[in-house]
There are 2 protein chains.
Amino acid sequence: MTDPSVKIIFLGGLGEVGRNCACIEVNGRLIMVDCGVLFPELDMLGIDLVLPDFSFVRENAHRLDGLVLTHGHEDHIGAIAYLLRNVDSLDIYGSPLAIEFARGRVVEHGLAGKANFIAVSDNEIRDLGSVQVEFIPVTHSVPEAFALAIHTPLGVILHTGDFKIDHTPVDGRKTNLARIGEIANTVGVKLLLSDSTKAEEPGFSDSESSIKQSLGDVITQHPGRVIAASFASHIHRIQQLADVAVDSGRYIAVLGRSMKRNISIARQLGALKIPEDRLIDIEQTEGLRPREVLVVSTGSQGEPMSALSLMAAGENRWITLYEDDLVLLSSHAVPGNETAVGRVIDKLMRKGVRVVHSAIAKVHVSGHGRQGDLSTMMSVARPQNMIPVHGEYRHMWHNADLAMRMGLPKSNVLICQDGDVVELTDSTIAVVDKVPAGYTYVDGTVGDVVEEVIRDRQVLAEEGLVVLVLTVDAKSGKILYGPEIVTKGWIHAPEAEELLDEARQAVAAALEGIETEGVYDPEIFRRRARRALGKFVAERTRRRPMIVPVVTEV
Amino acid sequence: MTDPSVKIIFLGGLGEVGRNCACIEVNGRLIMVDCGVLFPELDMLGIDLVLPDFSFVRENAHRLDGLVLTHGHEDHIGAIAYLLRNVDSLDIYGSPLAIEFARGRVVEHGLAGKANFIAVSDNEIRDLGSVQVEFIPVTHSVPEAFALAIHTPLGVILHTGDFKIDHTPVDGRKTNLARIGEIANTVGVKLLLSDSTKAEEPGFSDSESSIKQSLGDVITQHPGRVIAASFASHIHRIQQLADVAVDSGRYIAVLGRSMKRNISIARQLGALKIPEDRLIDIEQTEGLRPREVLVVSTGSQGEPMSALSLMAAGENRWITLYEDDLVLLSSHAVPGNETAVGRVIDKLMRKGVRVVHSAIAKVHVSGHGRQGDLSTMMSVARPQNMIPVHGEYRHMWHNADLAMRMGLPKSNVLICQDGDVVELTDSTIAVVDKVPAGYTYVDGTVGDVVEEVIRDRQVLAEEGLVVLVLTVDAKSGKILYGPEIVTKGWIHAPEAEELLDEARQAVAAALEGIETEGVYDPEIFRRRARRALGKFVAERTRRRPMIVPVVTEV
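The written sequence of each chain sets the order in which its residues are numbered from 1. Whichever chain is written first is A, and whichever ligand is written first is 1; the rest continue in order. The predicted origin of the model limits local features to residues at a pLDDT of at least 70 and limits the giving and counting of side-chain atom pairs to 80 or more, whereas totals for whole chains, interfaces and linings rest on all residues.

1. With respect to the overall build of chain A
Then step 1. Looking only at helices and strands, chain A features 15 helices and 28 strands.
Then step 2. Counting other C-beta atoms within 10 Å of its own, a residue is labelled buried from 20 upward, exposed at 12 or fewer, and partly exposed in the gap between, with every C-beta atom placed from the backbone. Expressed as a percentage of its 554 residues, the buried residues of chain A come to 53%.
Then step 3. For chain A, the proportion of contacts with a sequence separation of at least 24, taken over those separated by at least 6, is 72%. Strands are runs of DSSP state E lasting at least two residues, helices are runs of H or I lasting at least four, and both sets are numbered from the N terminus onward. The contact rule is simple: place each C-beta atom from the backbone, and if two of them lie within 7 Å, those residues are in contact.

Below, the structure is given as structure tokens:
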């Protein structure tokens, strides 16, 4: 009998926040853990989503025995609909909530026929052929989150998913540290893959329930209407807001497509409990006194078309804000969104609305564990090897540093990159290969946007565009029309007519007599015209717009 | 004798961070307080700087008796060179350091002949004709900051500038609360204009000297080279870094143009004290042991071309980073820069460099006062009226709220907007007029970039561009060339040839037979071609690139 072969193939989620996706290969068979999207960074202009590179999966689809989901956040499930284009069919395992969150997007893409959704229970073990996957409850900012104990012939690979250790979770469902300890002390944790998001921060994360008092104070003490915005998937936060509302005699109305959808799913599954008679349509709030109303809304990230942004702009068709309203942002700005969130707050306050957010009151806690949570997990799991996952490079570094400070030898702690293939043996762990793991951009429906398109957009965004138009007689090389100049995003044409005139003259001068120089070649026209215009623009304006020469021949 | 007329005209700095600029008008004469730039927000694509609108100043230049500077930060002095284009000559008053910081930029623009720079001492009173301006020391994150007591016939207008109340400042120069109290109790503070930047935050700001211990621990305990990045104008921070370096036997080398310039100015003025023999050129660090070196560098905001970013990219010609180096970011990310700073940290750590920043250790404090500082100032100044300045709207709101909670009647607290003209009388304060106060954009050397250009850039950035080229016989209307399609930032042409072919066919089909329909009109060609292409693009790609039809006639 040959030694078992166990590999971990990272397709995303290392050194960035989102696009979480990895494969575990055991004796030639594969399972995938999570399949998320990355929300585009600020300089990925016009990009809606960033996916993992699925070329490895495409080539190995015949070896794939299923996808297991740690929890229902977009950065862990948002790319499933795109993955399904690369396979004939796929078993997808996850908590009931994660499955229902994932199903919606897959149905929208018309790919439901390819997905076999399988809801699993807390602590259930599923046989996926080459491995058994055990779904161990952990606490996070979405209900029903799991760590995965992946039982392999070499021992257990424990993938924490996203987690913190919340000893007083809103739904009472605690991280099952006892089971993790049992695994550690019986089969042993061969490898820990651990959430790094908050690994820079010392101390412990606060319990979700620790903000109940603050939320209650803000909502109960306000004599008028309250509009509370949070993450649409944060069902426990919505539960706490609803509980406060019910306790203080308010009715709850919901605004925003994703918020409505998620609340509906969570209530059907019993993950969210709001008494039927307290949940009303937004139209019904008209008949109530302001102090009887709590509106739960999307838009906590300042997204331009969200319910809250539209309210701030006075353009929400369902609700008009008044001076005695209070807006509660029970959230924090995801990195990159700080400016957008600040603008929405300012707009709301300019309307005279009172705004409470996490800089002013304790109305938000993170769902990710800090160093205390992370070391507790490591102490209980006692892994032989450790690889930090989820987070920017600096977060992974601090998570690795923590593992080493807790006693793991340097050789047993790996910081990996997307595309790394890690091989586990009985005594070693090492990167042995690379697979493609670049960005796949989604913009509209056209397949893939490539790097070059984004670089063009960056130049256009910074400097604008100058189109140089020239029509030439194909036989004689005589200029029949132009040079004409069309600009966009460079300088304002009506006010810069003089400059454009000079530019035309500079190009014309550079082309003068060119047709007498010999055989006509449109490429020479194009090159010479571009160079003359580039020189003029740089000297006169110190800018570097994109210059697009269009030479047509007739 | 008629009643004195006192007005405050806000040209910038209300509801945003930067571009601070206001005029005080007394009996028809004007002085200006500060003249700063705004660093462009993320969606002001390609813009280098945003200036105040100087059209009011241009029209009233003959009434302007001088510019007074509260302190030497760019958001208070950075627009002086642009202001000078609108006046024949100007007296500019400020601390020696603020004056020297301002002078550099003015000289670069070749406008030194228009500026009469006048350095003032702490607590000095200067007569500017219609008003006397008293320069009262306050503590801030640049040395020699002033509050201005502007003595008018109606009493004192007290402008705090940017400040916190630091009882143990690095240079021992404290906020002169006693003098402010004396003014309050003698002539009286008619109006307080007060810094709002940190008005959302309860408590008191920490003293600059409170981080000395932490800075010392980080630098002294590191066995190798230390590279410390901070704001180039933060002379007190540089002083503390230098003190620690000297105490622990390190030599100090400086990197980055603005850092070198400011350190040189500050040392000449005696505002920064580094022993001559401890300050070395970067080349000299080669001959030293790593533990004898502290490099002070620019780049704490992740600016792409700064010394630190170049180090992180391995492209700094003066310094190559090694695994046993430590980079200390003694700073915080200015809102909007979080992502850029995070990326630089990640790049540094990928090189194996140890990075310490303010999320990990106490190596930065703000120079702006929190609610405790702000209410201390109000308690001492006892103003009759108050207008919050400097900060986003939410910060100004909280500052106003604080004033009212401290007892000022609502009618005596105004939240203003840029362009507001506020009139003070013996018993009232009110907005009585508006002047132009929009954004003036600077991009390269071409005068003004207008809103429309930025909107074009936003479309180009999000969606890219499709140029449609068509050459038509001017007489017959027959198409001689095209339709040809050139794209930038839309889809990647080589991979999308098929789609472009279809697009060409769609446009050709729409134009078929058009020349037989009657009189030739290029506008009809243009409109019909654009509509056909727009429809095709929207239906096939769900994107909305900018479509530029170029119809040439020969």
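2. Focus: the sheet that holds strand β2 (residues 21-26) of chain B
All names here are of chain B.
Then step 1. Any two strands with at least two DSSP bridges between them are considered paired. If you trace the eight strands from one edge of the open sheet to the other, you get β7-β6-β5-β3-β2-β1-β20-β21, paired in mixed fashion. Of all strands in the sheet, those bounded by a partner on one side alone are β7 (115-119) and β21 (429-434). Looking at each pair of strands side by side, their axes are set apart by 25 degrees on average, direction ignored.
Then step 2. The pairing of strand β20 (residues 420-424) with β21 spans five bridges and is classified as antiparallel. The residue bridging aspartate 420 from the neighbouring strand is lysine 434, located in β21.
Then step 3. Each axis is a line fitted through C-alpha atoms, and for a helix only the stretch in contact is used; angles between axes span 0 to 180 degrees, taken between their N-to-C directions. Helix α4 (residues 96-108) rests against β6 (90-94) and β7 of the sheet, and its axis sits at about 160 degrees to β7.

3. Structural notes on the confidence of the model for chain A
Then step 1. For every residue, the predictor reports its confidence as pLDDT, a number between 0 and 100. On average, residues of chain A carry a pLDDT of 92, and 97% of them reach 70 or more.
Then step 2. This prediction of the complex comes with two scores: 0.88 for pTM and 0.85 for ipTM.

4. Some thoughts on the nonpolar core
Then step 1. In terms of nonpolar packing, the biggest core is built from 346 residues, with Ile80 and Leu294 of chain A together with Ile80 and Leu294 of chain B touching the most fellow members.
Then step 2. Sequence-distant contacts of isoleucine 80 of chain A, that is, excluding residues within four places in its chain, are made with Cys35, Ile92, Ala102, Arg105 and Val106 of chain A. The nonpolar core is taken to be a set of buried Ala, Val, Leu, Ile, Met, Phe, Trp, Tyr and Cys residues joined by way of C-beta atoms within 7 Å.

5. Details of the environment of arginine 455 of chain B
Then step 1. Residue position: arginine 455 of chain B is located in helix α13 (residues 451-463).
Then step 2. Sequence separation between arginine 455 of chain B and aspartate 43 of chain B is 412 residues; the distance between their C-alpha atoms is 9.2 Å.

6. With respect to unusual backbone geometry
Then step 1. With omega at 0 degrees, the peptide bond leading from glycine 482 of chain A into proline 483 of chain A counts as cis.
Then step 2. Assignment of secondary structure puts proline 483 of chain A in strand β27 (residues 479-488).
Then step 3. Here the phi dihedral of asparagine 27 of chain A falls at roughly 50 degrees; this positive angle occurs in a residue that is not glycine.
Then step 4. Relative to the elements of secondary structure, asparagine 27 of chain A occurs in the loop between β3 (21-26) and β4 (29-33).
Then step 5. Judged by the 14 C-beta atoms lying within 10 Å of it, asparagine 27 of chain A falls in the partly exposed class.
Then step 6. Notably, glutamate 144 of chain B is not glycine yet its phi reads approximately 60 degrees, a positive angle.
Then step 7. You can see glutamate 144 of chain B is positioned in the loop between β9 (132-138) and β10 (145-152).

7. Thoughts on the interface of chain B and chain A
Then step 1. Taken together, the contacts link 59 residues of chain B with 59 residues of chain A.
Then step 2. Elements with a contribution of two residues or more to the side of chain B that touches chain A: α10 (338-350), α12 (393-405), α13, β24 (465-472), β25 (479-488) and β26 (546-553) of chain B.
Then step 3. No other element matches the eight residues that α13 of chain B contributes to the side of chain B that touches chain A.
Then step 4. Here the side of chain B that touches chain A is composed, by residue class, of 27 nonpolar, 14 polar and 18 charged. Each residue is assigned to one class: nonpolar for Ala, Val, Leu, Ile, Met, Phe, Trp, Tyr, Cys and Pro, charged for Asp, Glu, Lys and Arg, and polar for all the others, Gly among them.

8. What to know about the relation of the copies chain B and chain A
Then step 1. Its rotation angle being 180 degrees, the transformation that places chain B on chain A also includes 0.0 Å of axial translation and leaves an RMSD of 0.2 Å. Put plainly, the chains are arranged around a two-fold axis. When each C-alpha of chain B is compared by its distance to the rotation axis, alanine 461 of chain B comes out closest, at 2.4 Å.
Then step 2. Of the interface residues in chain B, 100% have counterparts in chain A that sit at the interface too, so the contact is made through matching surfaces. When the copies are superposed, the least-squares fit draws on C-alpha atoms of residues that have pLDDT of at least 70 in both.

9. Digging into the sheet that holds strand β15 (residues 251-255) of chain A
Residues and elements named next belong to chain A.
Then step 1. Strand order in the open sheet made by the six strands is β16-β15-β17-β14-β18-β19, with parallel pairing throughout. Edge positions in the open sheet fall to β16 (279-280) and β19 (354-356), since each of these has one partner strand only.
Then step 2. With two bridges connecting them, β15 and β16 associate as parallel partners. Across the sheet, isoleucine 252 pairs through a bridge with leucine 279, a residue of β16.
Then step 3. Strands in contact with helix α8 (residues 257-268) are β15 and β17 (293-297); relative to β15, the strand with the most contacts, it is inclined by about 125 degrees.

10. Digging into the domain arrangement of chain A
Interface size is commonly expressed as the accessible surface area that is lost when the partners come together.
Then step 1. Annotation comment: domain bounds sourced from an automatic or database domain assignment. Each assigned domain of chain A is listed here: domain 1 (6-204 + 366-447), domain 2 (208-356) and domain 3 (464-553).
Then step 2. Computed over C-alpha atoms only, the centres of domain 2 of chain A and domain 3 of chain A are separated by 55 Å.

11. Quick word on helix α6 (residues 212-221) of chain B
Residues and elements named next belong to chain B.
Then step 1. Among the residues of α6, Leu215, Val218 and Ile219 are the ones counted as buried. Looking straight down α6, one finds its buried side chains confined to an arc of 90 degrees; they lie on one side. The exposed residues of α6 that point more than 90 degrees off its buried face are Gln213 and Gln221.
Then step 2. For α6, the elements touching its buried residues are β13 (226-229), α7 (235-247), β16 (293-297), β17 (326-329) and β18 (354-356). The arc in question is formed by the directions pointing from the helix axis toward the C-beta atoms.

12. Topic: the packing of helix α14 (residues 497-511) of chain B against helix α15 (residues 522-541) of chain B
Residues and elements named next belong to chain B.
Then step 1. It is at 9 Å that the axes of α14 and α15 come closest, and there the two elements cross at 140 degrees. Judged by the inter-axis angle, α14 sits oblique to α15. The handedness of the crossing between α14 and α15 comes out as right-handed. Contacts from Leu499, Ala503, Ala506, Val507, Ala510 and Leu511 of α14 reach α15 at Phe525, Arg528, Ala529, Ala532, Leu533, Phe536 and Arg540.
Then step 2. A breakdown of the residues in the contact of α14 with α15 according to their chemical character gives eleven nonpolar, no polar and two charged. Every angle not falling under 35 degrees, over 145, or within 65 to 115 is termed oblique; those three ranges are roughly parallel, roughly antiparallel and roughly perpendicular. Crossing handedness is defined as follows: a turn of the near helix away from the far one that is anticlockwise and smaller than a right angle gives a left-handed crossing, while the clockwise case is right-handed.

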